[in-house]
Amino acid sequence: MARKYWLLKSEPGCYSIDDLAGEPDQTTCWSGVRNFQARNFLRDEMALGDMALFYHSVTEPSAVGTVRIVRAGHPDETALDPGDSHFDPRSTPAKPLWFAVDVRFVRKFATPVPLRAMRVVPALSGMELLRKGSRLSVTPVTKAEFDVICRMGEAEG
DNA sequence: GCCAACGTTGGC
DNA sequence: GCCAACGTTGGC
């Protein structure tokens, strides 16, 4: 099966790429996603070895680096923990409702790739991220889109 | 099954 | 801070 490519959104004030790079093993559990379409991607589509763009939303909307999926979909523990802000009583160990993957830091771009820069690149015009009103926090991207954004990120500022 | 109300996301 | 777009909920 061919490796797939993704884009993962996070508010940097909540969890940034620097937070990920600073983890002892540079790995984290991508938990807390509470949208069914995104859940389906996490649970059914993401595979070990897939790559993803790390995207900062809200403050400085931009792709800021890349990560690797190091563990495929598994039940999101935060949904099962009554003490967690992401707790959801509809999810149980026997019938988990929400899922997470584990991701490992790969690289931080030399220069972030702003959303407004992506908007003017014809090769990126099909991205879900660029759709007006798009709020999906986990979206598939093509290898071509992934590569274009990586090149933009590695270009000198 | 419809749809209004509501809460949230996220760019600007 | 504003507000458009969207997903979810719940009354009917």
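These numbers come from a predicted model, not from an experiment. (Residues numbered from 1 in each chain as written. Chains lettered and ligands numbered in written order. Predicted model: local features only at pLDDT ≥ 70, side-chain atom pairs only at ≥ 80, totals over all residues. Heavy atoms only, no water.)

A. Highlighting the protein's contact with DNA strand C. Taken together, the neighbourhood of DNA strand C is formed by Asn-35, Phe-36, Arg-90, Arg-131, Lys-132, Gly-133 and Arg-135. In this structure, Arg-90 approaches DNA strand C through a side-chain N or O atom, which is 3.4 Å from a phosphate oxygen. Lys-132 is positioned such that a nitrogen or oxygen atom in its backbone is 3.3 Å from a phosphate oxygen of DNA strand C. (Near = heavy atom within 4 Å. Polar contact = N/O pair within 3.5 Å; in protein donor to acceptor, adjacent residues only side chain to side chain.)

B. Structural context of helix H4 (residues 143–154). With twelve residues, H4 should reach 16 Å at 1.5 Å per residue; the first-to-last C-alpha distance of 16 Å fits that figure. As for H4, its buried residues are in contact with strand S1 (5–10), strand S3 (51–56), strand S4 (62–75), strand S5 (99–114), helix H3 (115–119) and strand S6 (138–141). (Helix = DSSP H or I, 4+ residues; strand = E, 2+ residues; numbered from the N terminus. Expected span 1.5 Å × (residues − 1). Contact = heavy atoms within 4.5 Å.)

C. Expanded view of helix H2 (residues 36–45). Looking at H2, one finds that the buried residues are Ala-38, Arg-39, Phe-41 and Leu-42. Buried positions in H2, seen along its axis, are confined to an arc of 160° and lie on one side of it. Summarising the contacts, the buried residues of H2 are in contact with S1, S4, S5 and S6. By the N-cap criterion, in which a side-chain oxygen at the helix start approaches the backbone nitrogen of a residue two or three places on, H2 is capped by Asn-35, the distance to Gln-37 being 3.0 Å. (Buried < 20%, exposed > 50% of the residue type's maximum accessible area, 1.4 Å probe, protein only. Arc of directions from axis to C-beta.)

D. Looking closely at the sheet that holds S5. Strand order in the open sheet made by the six strands is S2-S5-S4-S3-S1-S6, with mixed pairing throughout. The open sheet has two free edges, formed respectively by strand S2 (27–30) and S6, since each of these has just one partner strand. Neighbouring strand axes in the sheet, compared pairwise and without regard to direction, differ in orientation by 35° on average. Here S4 runs beside S5; their pairing, made up of ten bridges, is antiparallel. If you follow Arg-71 over to S5, its bridge partner there is Asp-102. Where H2 meets the sheet, its contacts fall on S1, S4, S5 and S6, and the angle it forms with S5 comes to roughly 110°. On the sheet, H4 packs against S1, S3, S4, S5 and S6 and is oriented at approximately 45° with respect to S5. (Pairing = 2+ DSSP bridges. Axes fitted to C-alpha atoms, helices over the stretch in contact; angles between N-to-C directions.)

Any link to function would need more than the numbers given here.
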